[in-house]
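# Examining the three-dimensional arrangement
Okay, here's what each chain looks like letter by letter:
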Amino acid sequence: MPDIDSLRSQLTEFCQRLYDRDLVGSTEGNASVKIDLHRFLITPTGSNLGYLEQDDPVILSMEGKQLTGDKAPSSEYHLHLGIYQHRWDIQAICHAHPIAATACATAGVALDQPILPEIISTFGIIPLVDYGTPGTPELFEKMVDLVGRYDAFLLKSHGVVTLGANLDEAFNRMEMVERCARVIITANLIGNIRQLPEEIVQKLPGFEVLNGQFQTGNSGKD
Ligand SMILES: [Zn+2]
């Protein structure tokens, strides 16, 4: 039997870290963690993630039915449901609006160039998902063809989603996406940004994620 109180504490502390690291602000963002095969805890709608109480997250079934909680679940619960239904390996999901990565998503720029070895090793690429209306099932529908292949996504004109085998992994991935975006933007300001040559990319452990088909010379999905 999972210790739900412990998961509540972990999720609340996770949200506090998102806020402290400026990965979310105001009432942006949401996060969830699986309790078991049938249920997950998710942050409530309209709440500032930096000020959540332990009792605030609500429990939803894998069919989307609210099982506990006085507050309504995040309006992005469709996104979390869709991901859990398609990825049984995933235990935690984070959606945030970090400034630099969201700027890339707003500019229509995927983080899919072979520039930083650690990003290639961790993610392969970070794809840009076509725009979907926030708070509707459309957001996940736009992601469904990609969700089996990647663990981090830029949502066009919106924000970022990261997946993890636990909350720590989802958090680290969110922080890494944002830091990657900041490096790319800064390097572009300096100029002379360089892609890694293909022979170097092929030596990286994440290369097979791409099936040997790195998207070079293409700054965005569209
Ligand atoms: Zn959002």
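Heads up: the structure comes first, above all this text.
Here's what I pulled together on the structure shown here. (Residues numbered from 1 in each chain as written. Predicted model: local features only at pLDDT ≥ 70, side-chain atom pairs only at ≥ 80, totals over all residues.)

Looking only at helices and strands, the protein has seven helices and eight strands in total. Relative to a compact globule of 222 residues, whose C-alpha radius of gyration would be 17 Å, the protein shows 17 Å and is just as compact. Here the C-alpha coordinates of the protein stretch approximately 55 × 30 × 30 Å along the principal axes. Counting only residues that meet the buried cut, the protein has 40% of its 222 residues in that class. Pairs at least 24 apart in sequence give 64% of the contacts found in the protein among residues at least 6 apart. (Helix = DSSP H or I, 4+ residues; strand = E, 2+ residues; numbered from the N terminus. Rg over C-alpha atoms; globule rule 2.2 N^0.38 Å. Buried ≥ 20, exposed ≤ 12 C-beta atoms within 10 Å, placed from the backbone. Contact = placed C-beta atoms within 7 Å.)

Side chains of strand β7 (residues 152–155) alternate between two faces, with A152 and L154 and F153 and L155 buried alike. Where strand β6 (residues 128–129) lies against β7, two bridges are found, and the strand directions are parallel. Paired with L128 across the two strands is L154, which belongs to β7. Note: β7 against strand β8 (residues 159–164), four bridges, orientation antiparallel. Considered in β8, the bridge of F153 is made with V161. (Pairing = 2+ DSSP bridges.)

Turning our eyes to something else, we now look at helix α3 (residues 99–107). Since one α-helical turn is 3.6 residues long, residues separated by three or four positions face the same way. Turning to α3, its buried residues are A101, T102, C104 and A105. Along the long axis of α3, the arc covered by the buried residues comes to 155°, so they all point the same way. Considering only its buried residues, α3 is in contact with β6, β7, β8 and α6 (167–190). Where α3 ends, the next residue or the one after it, G108, has phi of about 75°, a positive value. (Arc of directions from axis to C-beta.)

Here the focus is the packing of α3 against α6. Look at α3 against α6: their axes get within 7 Å of each other, and the N-to-C directions meet at 70°. Between α3 and α6, the interaxial angle falls into the category roughly perpendicular. The crossing of α3 and α6 is left-handed. Residues A100, A101, A103 and C104 of α3 form the contact with α6, whose participating residues are V177, E178, A181, R182 and I185. Tallied by class, residues from the contact of α3 with α6 come to seven nonpolar, no polar and two charged. (Axes fitted to C-alpha atoms, helices over the stretch in contact; angles between N-to-C directions. Parallel < 35°, antiparallel > 145°, perpendicular 65-115°, else oblique. Left-handed = near helix turned anticlockwise from the far one by under 90°. Nonpolar A, V, L, I, M, F, W, Y, C, P; charged D, E, K, R; others polar.)

With a phi close to 55°, S26 is a non-glycine residue in the positive phi region. Residue classification places S26 among the exposed positions, given that 10 C-beta atoms sit within 10 Å. Residue S157 is not a glycine yet carries a positive backbone phi of 55°. You can see S157 is positioned in the loop between β7 and β8.

To continue, consider the sheet that holds strand β3 (residues 58–61). An order of β4-β3-β2-β1-β5-β8-β7-β6 is seen for the eight strands of this open sheet, with the pairing classed as mixed. Unpaired on one side and paired on the other, β4 (66–68) and β6 mark the two borders of the sheet. As paired strands, strand β1 (residues 30–34) and strand β2 (residues 39–42) are joined by three bridges and run antiparallel to one another. Counterpart to V33 in the pairing with β2 is L41. In the packing of helix α2 (residues 77–86) onto the sheet, the strands contacted are β1, β2, β3, β5 (92–96) and β8, and the crossing angle to β2 comes to about 145°.

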